[in-house]
Amino acid sequence: MLTLVASTFIVVAGLSLSEAVTICYFGSWAVWRQGAGKFDVEDIDPFLCTHLIYGFAEISTSSWEIEAMEPYNDLCDNYGRCAYSRFTALKKLNPDLKTLLSVGGNSVKGSTFSELSGDASKRKIFVSSAVEMLKNYSFDGLDINWMHPADKDGQPEDKENYIALLRDLHEALADEELILTACVSLEKLEVDVAYDVLGLSDAVDFILLSGYNLHGPWDTFTHHHAPLFSHPADTGDNALLNIDYGVGYWISKGVDKKKLVLGLGTYGTTWTLNNLDDNGYYAYATQAGKPGPYTATLGFLGYNEICEMQHGSDEWTVVRDPDMNEPYTYSVDKTWCGYEDSQSMWRKGQYARSQGLAGTMVWSLETDDFSGSCTGRPYNLIRSMKEGFLDLPFSTPAPPTSASTQTTSGLVTPTCGAETFIPDLYCNKYWQCVDGIPHPRECSEGLVWNNVLFTCNWPSVTALRSQTQVS
Ligand SMILES: *[C@@H]1O[C@H](CO)[C@@H](O)[C@H](O)[C@H]1NC(C)=O
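Reading the values: the criteria
Residues numbered from 1 in each chain as written. Predicted model: local features only at pLDDT ≥ 70, side-chain atom pairs only at ≥ 80, totals over all residues. Heavy atoms only, no water. Helix = DSSP H or I, 4+ residues; strand = E, 2+ residues; numbered from the N terminus. Contact = heavy atoms within 4.5 Å. Areas by Shrake-Rupley, 256 points an atom, 1.4 Å probe, with all protein chains shown as cover. Phe/Tyr/Trp six-rings, centres within 6.5 Å; stacked < 30°, edge-to-face > 60°. Buried < 20%, exposed > 50% of the residue type's maximum accessible area, 1.4 Å probe, protein only. Pairing = 2+ DSSP bridges. 1 Å grid on protein atoms, 1.4 Å probe; cavity = no way out; pocket = protein on both sides within 12 Å on 5 of 7 lines; lining within 4 Å. Points joined across faces, edges and corners; volume = space filled by probe spheres on them. Nonpolar A, V, L, I, M, F, W, Y, C, P; charged D, E, K, R; others polar. Core = buried A, V, L, I, M, F, W, Y, C linked by side-chain atoms within 4.5 Å. Domains from an automatic or database assignment. Salt bridge = Lys/Arg side-chain N within 4 Å of Asp/Glu carboxyl O. Polar contact = N/O pair within 3.5 Å; in protein donor to acceptor, adjacent residues only side chain to side chain. Near = heavy atom within 4 Å.

Turning next to the overall build of the chain. Helices and strands together make up the secondary structure of the chain, namely 14 helices and 22 strands. Looking at the chain alone, contacts between residues at least 24 apart form 68% of all its contacts between residues at least 6 apart. When the accessible surface of the chain is split by element, carbon and sulfur atoms take 53% of a total near 19,000 Å².

Applying the stated criterion across every chain, the model contains 30 aromatic pairs. Pairing F221 with Y282 gives two aromatic rings, centres 4.8 Å apart and planes at 20°, and the pair type is stacked. Highlighted residues: F221 in the loop between β9 (206-210) and α9 (243-252) and Y282 in the loop between β11 (267-272) and β12 (287-288), separated in sequence by 61 residues. With relative accessibility at 17%, the residue F221 sits in the buried group. Ring geometry for Y267 and F300: centres 4.8 Å apart, planes at 25°, overall stacked. Of this pair, Y267 sits in strand β11 while F300 sits in strand β13 (residues 300-302), and the two are 33 residues apart along the sequence.

We now examine the pairing of strand β20 (residues 437-442). Bridging between strand β19 (residues 429-434) and β20 involves 6 bridges; their strand directions are antiparallel. Its bridge partner being in β20, C433 is matched across the sheet by P438. The antiparallel hairpin formed by β19 and β20 contains 2 residues in its connecting segment, where D435 sits at a positive phi of about 50°.

Space left empty within the atom packing is revealed by a probe, the size of a water molecule, rolled over the atoms. Counted as a void, the largest pocket has a volume near 940 Å³. If you go around the largest pocket, you meet 36 residues; those closest to its centre are N106, M147, Y212, N213 and Y267. Looking at the lining of the largest pocket, the elements with two or more residues in it are β8 (179-185) and β11. Tallying contributions element by element places β8 first for the lining of the largest pocket, with 3 residues. Classifying every residue of the lining of the largest pocket gives 18 nonpolar, 13 polar and 5 charged.

The next point concerns the nonpolar core. The biggest cluster of nonpolar side chains holds 106 residues, and the ones touching the most others in it are Y84, L101, L142, I144, L200, W250 and L365. Those residues in contact with L142, other than ones at most four positions away along the chain, are I66, L100, L101, V103, A130, L134, L169, L173, I179, L180 and T181. Counting residues in each nonpolar core, the second largest holds 9 residues, with Y281, A283, A285 and M324 among its members.

Enumeration over the complete set of coordinates arrives at 2 cavities of 30 Å³ or more. Space inside the largest cavity adds up to approximately 210 Å³. Considering the residues around the largest cavity, the lining is formed by 22 residues, among which G35, A36, K38, F370 and Y430 are closest to the centre. Looking at the lining of the largest cavity, the elements with two or more residues in it are α10 (303-310) and β22 (455-457). Class assignment of the residues belonging to the lining of the largest cavity gives a composition of 10 nonpolar, 6 polar and 6 charged. The residues that make up the lining of the largest cavity include at least three from each of domain 1 (17-389) and domain 2 (421-470).

Okay, the pattern of salt bridges next. Taken as a whole, this structure holds 17 salt bridges when the rule is applied. K348 is the partner of E326 in a salt bridge, and the nearest nitrogen-oxygen pair spans 2.9 Å. Of this pair, E326 sits in the loop between β14 (316-319) and β15 (328-331) while K348 sits in helix α11 (residues 342-354), and the two are 22 residues apart along the sequence. Taken as a pair, E326 and K348 share a single burial class, namely buried.

As for its placement among the helices and strands, T269 is situated in strand β11. From its side chain, T269 meets the backbone oxygen of H215 in a polar contact 3.3 Å long. If we skip the residues at most four places from it in the chain, T269 touches N213, H215, G216, P217, H225, G299, W336, C337 and G338.

In the region of the ligand, the neighbouring residues are S129, E132, M133 and N136. Between a nitrogen atom of the ligand and a side-chain N or O atom of E132, the distance comes to 2.6 Å. Here the ligand, which alone exposes 360 Å², has 41% of that area covered by the protein. Of the residues belonging to the shell around the ligand, the class tally is 1 nonpolar, 2 polar and 1 charged.

Okay, the side chain of R123 next. Mapping R123 onto the fold places it in helix α5 (residues 120-136). A residue is classified by how much of its surface remains accessible, and R123, at 12% relative accessible area, is buried. In terms of polar contacts, R123 uses its side chain to reach the side chain of D168, at 2.8 Å. With residues up to four places along the chain from it excluded, the contact list for R123 reads L116, S117, G118, A164, L165 and D168.

In structure tokens:
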């Protein structure tokens, strides 16, 4: 493990990185989720990742400046919740941490990126506003998350215009010692039309490969959304939709491996099976799976939701296909879900290391078992991914049984009244009332329950929060 770390000494935008990178996305809208799915900046463990990326900022189609997606949550103005400032303030807890702001994702249309990148004067406006935004909120860099350049919402010229945009950004950011990353597809058919691989490799500090969402309810058959290798039944284009093929393809195009980061997902994609007896790979399924209680999205379940649903239930069957490295699960109500667990994340971390990549990326923090309430270890999947990359042995705690969860709280169970949350005598624990039944909950390691904001907090961030709100 230490040989890799010691022999790799990369200089990025004037910053020395002597370690493998772990880059973690934060979906800021998770703060509006219900109950145990609610996730705010203070739920982030500042020592878990080397780089945190805040998702997402947008692009104004009138001024062509960068703009906040949700000013009330993101900014401090007009009694806003100051999430940008609280996010970058995590660096006060871990001075080695880098925080980046991501532009794009689902909130910026391909046509917007296409128009911006194809016009030098619009790029100029965008670039200077982005640098100003980063400096205003103390971010260390920018991530461009243009999901499908040159697809039906764009134009063939996106391929070269994308590089022009990244070059302009890189030049302006490097002057300020700020980092630039780009999140890209690893699907061959998309790489061919969308990316000038060498140009991209030159223009950014890290290329984040989306090693997920390769299959989903847009297919009329079940398949894992992030297969490490192909399934024996894969033919044609489906045989190219796996992580190993995509990583190999990027490498064959001459990408700088020291900039290449493998992205993994803490979630599953789901279908509703047409017939419960046909429940393997390539089972006929014409509908997306039902939304989960927290993420409320058709065809998608966070790992925290999957883990809670499976826990103590005999309605879910977990299958480890011997030909594959990742699990799937299906339930008596015909939901089929291909997802990651700690074992598959560890295995994929090992894979990224074996290919000589810079590290791993994850989408995203808030759908891992971030509190540890389901697996017994906060951020169990992301930790396993890191351990795999660092060649540390696979280790995962035995999931707590309901009985042991009760006893570890060590306190008399409170009675639920009108309130949803009840503090516990132990300041790192609390109770959540669901339909009048109190459920014991525990904050991530180092966090304490804050019964004013109804969230777990770093003890010292409570102080930071008041500083950032005053300024
Ligand atoms: C940055 O801060 C300055 C001064 O408060 C403000 O005028 C400007 O609009 C801010 N820019 C962005 C992009 O937030």
